[in-house]
Every structure is written in structure tokens, then in C-alpha cells.
Amino acid sequence: MTLQPNRIYQGNCIEKLRQLESGSVDLVFADPPFNIGYSYDVYDDQRTTTDYLEFCEAWIREVHTALKPNGTFWLAIGDEYAAELKVLAQQLGFHTRSWVIWYYTFGVNCVRGFSRSHTHLFHFVKDPDDFTFNGENPAVRVASARQLVYADSRASTKGRLPDNTWILRPQDAPAPSFTPSHDTWFFSRVAGTFKETPVNWYENPGAGNYDIAAWSVHRLVDTGTAHNEATFLHDIDDDGTPEFIENSWNAKNPTQIFKFVKDTDGRVNVERHVVSESGNGHGMGFGDLNGDGKQDIIFQAGWYEQPTAGAFSGQWKYHHDFDLPHASCPILIVDLNHDGRNDLIWADGHSYGLYWHEQLAPQADGTTTWRQHMIDKKFSQGHALAWDDVDNDGQPELITGKRYYAHSGRDAGAQDDITVQFYDWNPTNQAWTKRLISTATAGEGPGIGLQIRVADLDNNGWKDLILPGKSGTHIIWNDGK
């Protein structure tokens, strides 16, 4: 079997490289395991040195075979084996053009040594005299110090090539992240992790300005907390302006709300309000649980009652009336049976189970009571939910599906087909009817991710679904009945 272009393949890298036609590839970029004991799903990252180097020699040899005579090979590797792999690659016929240091400030914190803050990037070529390097491309070149600092007339108007230290430091990245006026490359974080504390906002350039390279990025706040699960823009105090509310999978993290304000000079800022100094958990939703007309915060391990004096008048009262393991983002709060008490709809984001919790009459002391009902147990990882009208019957439906590889294949049902579906609710007989929208082999079609967005994108009167996830970002167009 010969691999086809413009496709992503998953499998053993040596076997896949051997399926490429020899001398057919222009560029290879490799970011192999560093052999430092990282917890992968199926790969052992604690091989002996001999075993690891033999493995690397095998796949680097196949890279050399696959590349064209003028091909290029980039290798990202950590400190432990950088020198060994450089020598090994040269022994296999590669020539080193550059040894780039990729500097960053979001690495693992170390307690008995200096914290990691860089990765090695080796730029190899097969032929030292015949290779592709777009050094004259104006988009690559930067202004030199002679131009910027000294106004030296001898400076080339073309600028110069960037340094061989590349900086990835989000808190220092200018906006836009790279312009000809900078003599060092800054790369914005395109996809962050679940463990960072800063929050940025991206400024919409406005109609007619969307052909720019990137939106301006601004620091909103450093929350001081990591272990993020989801973030919400939700109007918790009903003043018409949403607040920024963070959800964490770490139960010890605080629950906090950030209210948008403007400084005296007009800059966007936030005011931090602590709901609880400790007590958060996977999944979150918003709605009135006790019928006092104020929105409460519902999460994995219960709910917070909004103070009578308002959302920002003090800390909120905690009620441990239920547990919702690995609850979805969001948890939906809806009065399904029209009895005047709001109910809960949630899914287990990392296992099987989609449920609704019926709110019963409260106890004498005001404690809420609940009865759990199963909606569907035939799919797993329903990490996100939406509540909207997609069949134009005038009533909202429950929209969800299976997330692909939520924990990199370690969750229940990881290899099951991925689905997108909605459920019609009949309040008369209190029953759900499942309507399948899409189904596909794991990883090969639409599934859900961390959020579901519903909007009529093509203005045909029917709402479409926007579904970003690990199987790709998909739009499912709703053409009606």
C-alpha cells in the first residue's frame, strides 16, 4: 500500500514510512517521544538507552530513504538525547544546517534542578549544496539592529534572517505576534493546555478588516489557577453583560467569577469575585435551583446558592445535594416536567451515560431532593451538551454526541463509533426520542468536543451545528426535514 497525499495516518511510524515511495518527500518534521517517562496511552517512554537509540536509528533511516535528494528533515528533541540523535542522523547521511533552541516558559516545574524551558530543533538536509531554504522570502526576513537601532545606511533594506533562538512566551508576545519590526520570532499559543493560568482576549478588527494576519491579542487576567476544564461566558447577575466563569477539574480549586469592567483609560479589565475559596469540579451549569429568582452555579459536587444581596455581595452558600461524576460542560438546568422546579440534564464526559435529574419537593430545611433518570447509555464521553431548536418545532432539543479520544483513548468506549444526535422531549409522557444526525468510525467523522455551537450559518431557516473536536472541526448543515 502506498500512502496517499493530503491525508493523516495513525500507526507505527516505521511501517508507515516504508509505505512511502523512496525519494518522494520534500520535508519531514518529527517530534518523537523524548524517552523521559511520559505517560502515553500505549507507548513505553522509559526504554533503555540502547533500545531507544536503536528505535530512533530505524525511523530516522526510513526518513532519509523517503526524502528527495534535496529534501529537508526537522527534528524536535529534548536535552537527554539531543546530542546522540544529532550524531546518529549525521551518521545516516544527514547534514546539519541549524541547531535552533525553541525557548518557552510553560514547561514542567522542577524542584531539584533548573526547570525545563527549551526544546532542540535540528535542521537537517540530505545534500549540503542542494536544498530548499526560502531565505529571500520577505515574509521570513526581519529588520536588523542596523536598521532599527542605528539607522545605518549600510543596512540591507531586505532585513536579515531571524535568530536561531525562537521564543515562545505568551505573556510577552506583542500584538500582532510577528511583524517586520521584530528581530526575534514570537509565536502565539494557538492551542493551550489545561494547566495554564493566563486568560487572553482577541480583539475583533471589525467588518472589512478580516484579511489581516491575526487579531490583536490582549491579556485579560491571570487567574492564578490551573487545571482548567472549561470556561463560560454567562450573565450570572442578569445585567445584560456576560461574566467570565472558570470550571476546573481540580476539586480543591476556587470557584470564581470575573466581571468585565473598563479602566479609566477605556481598557478592558476584570474584577475578580470568589464564590468559594475551595470547591470546584468537572462540569458546570447555571440556573435557579431553589426558586428564589436568582441564578445558582451547579457543578460536579453540588451547587452554590447566589446570595440574596446579589452575585457579587459575598461568598455563596454551598449545598452538597448531589454528585455528578465527570459532568458535562455545560450541565443544563431546565424545568422539563413543568412542575415549577428546575431539573438537571447532564452526561458523564468520560464514560457511558446521559441522564436527567428530576427535582422533587425540597426537605423541610430547604435541602433539594432528586430522582435520577437514564436518557441513553449506548454512547460514551458526552462531554458537551446544547439545548436549542434544530427541528423547527418551536421547542428546544437536547443535542450531544460522542467525543473522540477525550483522554487520549483511555476512557470507556474510546474505540466506539462517534455520533452526533439530538433528543426530543415529551413532557406529557416524560420520555425522550433519540434522533441520530451523524455516525462514523472512530476518528473519521464528526463527533463532539468541548463545546457545541448552534447557529443558522447559511440563512436557510434551519440551525446548523458547529462541532470542534479531536476528529476535526466539522459543520453539519441542517437542510430541514
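Residues numbered from 1 in each chain as written. Predicted model: local features only at pLDDT ≥ 70, side-chain atom pairs only at ≥ 80, totals over all residues. Heavy atoms only, no water.

Asks: Whenever I open this one, the overall build of the protein confuses me. Can you help?
Replies: Broken down by element type, the protein carries four helices and 26 strands. Expressed as lengths along the three principal axes of its C-alpha atoms, the size of the protein is roughly 80 × 60 × 55 Å. The proportion of buried residues among the 481 residues of the protein is 43%. Treating the 40 positive side-chain charges of the protein as one cloud and the 64 negative ones as another, the clouds have centres 6 Å apart. (Helix = DSSP H or I, 4+ residues; strand = E, 2+ residues; numbered from the N terminus. Buried < 20%, exposed > 50% of the residue type's maximum accessible area, 1.4 Å probe, protein only. Lys, Arg positive; Asp, Glu negative; His and termini not counted. Charge placed at Lys NZ, Arg CZ, Asp CG, Glu CD.)

Asks: Looking at this structure, how should I read the sheet that holds strand E26 (residues 472-476)?
Replies: Backbone-to-backbone hydrogen bonds pair the strands of a sheet. The strands run either parallel or antiparallel. Taken in spatial order, the three strands make up an open sheet running E24-E25-E26, and their pairing is antiparallel. On the outer flanks of this sheet lie strand E24 (453-455) and E26, each paired with one strand and no other. Taken pair by pair, the neighbouring strands of this sheet meet at an average axis angle of 15 degrees, ignoring direction. Across five bridges, strand E25 (residues 464-469) lies against E26 in antiparallel orientation. Opposite Leu465, over in E26, you have Ile476 as the bridge partner. (Pairing = 2+ DSSP bridges. Axes fitted to C-alpha atoms, helices over the stretch in contact; angles between N-to-C directions.)

Asks: Just checking my understanding: could you explain the confidence of the model for the protein for this structure?
Replies: A low pLDDT score tells you not to read the predicted coordinates there in detail. In this model, the protein carries a mean pLDDT of 89, and residues with pLDDT of at least 70 account for 92%. Every residue in residues 170-174 is under pLDDT 50, and counting partners more than four places away or in other chains gives nine contacts. Of the regions scoring below 50 in pLDDT, residues 176-193 engages in 40 contacts with residues more than four places distant in sequence or in other chains. (pLDDT = per-residue confidence, 0-100. Contact = heavy atoms within 4.5 Å.)

Asks: Looking at this structure, I do not really get the sheet that holds strand E20 (residues 386-388). What am I missing?
Replies: The four strands are arranged E20-E21-E22-E23 in an open sheet whose pairing can be described as antiparallel. The open sheet has two edge strands with one neighbour each: E20 and strand E23 (431-440). Averaged over all neighbouring strand pairs, the angle between strand axes comes to 25 degrees, with direction disregarded. Pairing geometry for strand E22 (residues 418-426) and E23, over nine bridges, is antiparallel. Within E23, the position partnered with Phe422 by the bridge is Arg435.

Asks: When you look at the pattern of salt bridges in this model, what are you seeing that I'm missing?
Replies: Once the charged atoms of two side chains with opposite charge are near each other, the side chains can pair. Applying the stated criterion across every chain, the model contains 17 salt bridges. Between Arg341 and Asp339 there is a salt bridge whose closest N-O contact spans 3.3 Å. Taking the relative accessible area as the measure of exposure, Asp339 reaches 30% and is therefore partly exposed. Each of Asp237, Asp239, Glu243 and Lys259 takes part in salt bridges that share partners, so that together they form one network. (Salt bridge = Lys/Arg side-chain N within 4 Å of Asp/Glu carboxyl O.)

Asks: Even after reading the chapter, I still don't get the nonpolar core, so can you show me in this structure?
Replies: Generally speaking, nonpolar side chains in soluble globular proteins are found buried as a group. If you look at the biggest cluster of nonpolar residues, it comprises 26 residues, and the most contacted ones within it are Trp59, Ile60, Phe73 and Leu75. Breaking this core down by element, the ones donating at least two residues are helix H1 (13-18), strand E1 (25-30), helix H2 (49-66), strand E2 (67-77), helix H3 (82-91) and strand E4 (118-125). When residues in this core are grouped by element, the largest group, seven residues, is from H2. With residues up to four places along the chain from it excluded, the contact list for Ile60 reads Phe73, Leu88, Ala89, Leu92 and Phe94. Judged by nonpolar contacts, the second largest core, of 15 residues, contains Ala230, Phe232, Ile245 and Ala301. (Core = buried A, V, L, I, M, F, W, Y, C linked by side-chain atoms within 4.5 Å.)

Asks: What exactly am I supposed to notice about the pairing of strand E10 (residues 255-262) here?
Replies: The two faces of the sheet receive side chains in turn, since in a regular strand these alternate between them. Bridging between strand E9 (residues 243-248) and E10 involves two bridges; their strand directions are antiparallel. What sits directly across from Phe244, in E10, is Phe258. If you look at the hairpin formed by E9 and E10, you'll find six residues sitting between the two strands. Sheet topology places E10 next to strand E11 (residues 268-276); eight bridges connect them, and they run antiparallel. Paired with Phe260 across the strands is Val270, a residue of E11.

Asks: For this particular structure, what's the right way to read the packing of aromatic side chains?
Replies: Two aromatic rings are characterised by how far apart their centres lie and by the angle between their planes. Counting across every chain of the model gives 20 aromatic pairs. Between Phe299 and Tyr318 the ring centres are 6.0 Å apart and the planes differ by 40 degrees, which places this aromatic pair in the tilted class. Placement of the pair is Phe299 in strand E13 (residues 296-299) and Tyr318 in strand E15 (residues 317-319), with a sequence separation of 19 residues. According to the relative accessible area criterion, Phe299 is buried, its value standing at 2%. Residue classification places Tyr318 among the partly exposed residues on the basis of a relative accessible area of 38%. Grouping aromatic residues by their ring pairs yields a cluster made of Trp59, Phe73, Phe94, Trp99, Phe122 and Phe124. One cation-aromatic arrangement involves Arg47 over Phe55; the distance from NZ or CZ to the ring centre is 4.5 Å. (Phe/Tyr/Trp six-rings, centres within 6.5 Å; stacked < 30°, edge-to-face > 60°. Lys NZ or Arg CZ within 6 Å of the ring centre and 35° of its normal.)

Asks: Help me out: how do you make sense of H3 in this one?
Replies: Structural remark: α-helix, 3.6 residues per turn; residues separated by three or four positions point the same way. Taken together, the buried positions of H3 are Ala82, Leu85, Lys86, Leu88 and Ala89. Each buried residue of H3 sits inside an arc of 165 degrees when the element is viewed along its axis, so together they form one side. Taken together, the buried residues of H3 touch H2, E2, strand E3 (95-104) and E4. Of the residues flanking the end of H3, it is Gly93, one or two places downstream, whose phi is positive at about 115 degrees. (Arc of directions from axis to C-beta.)

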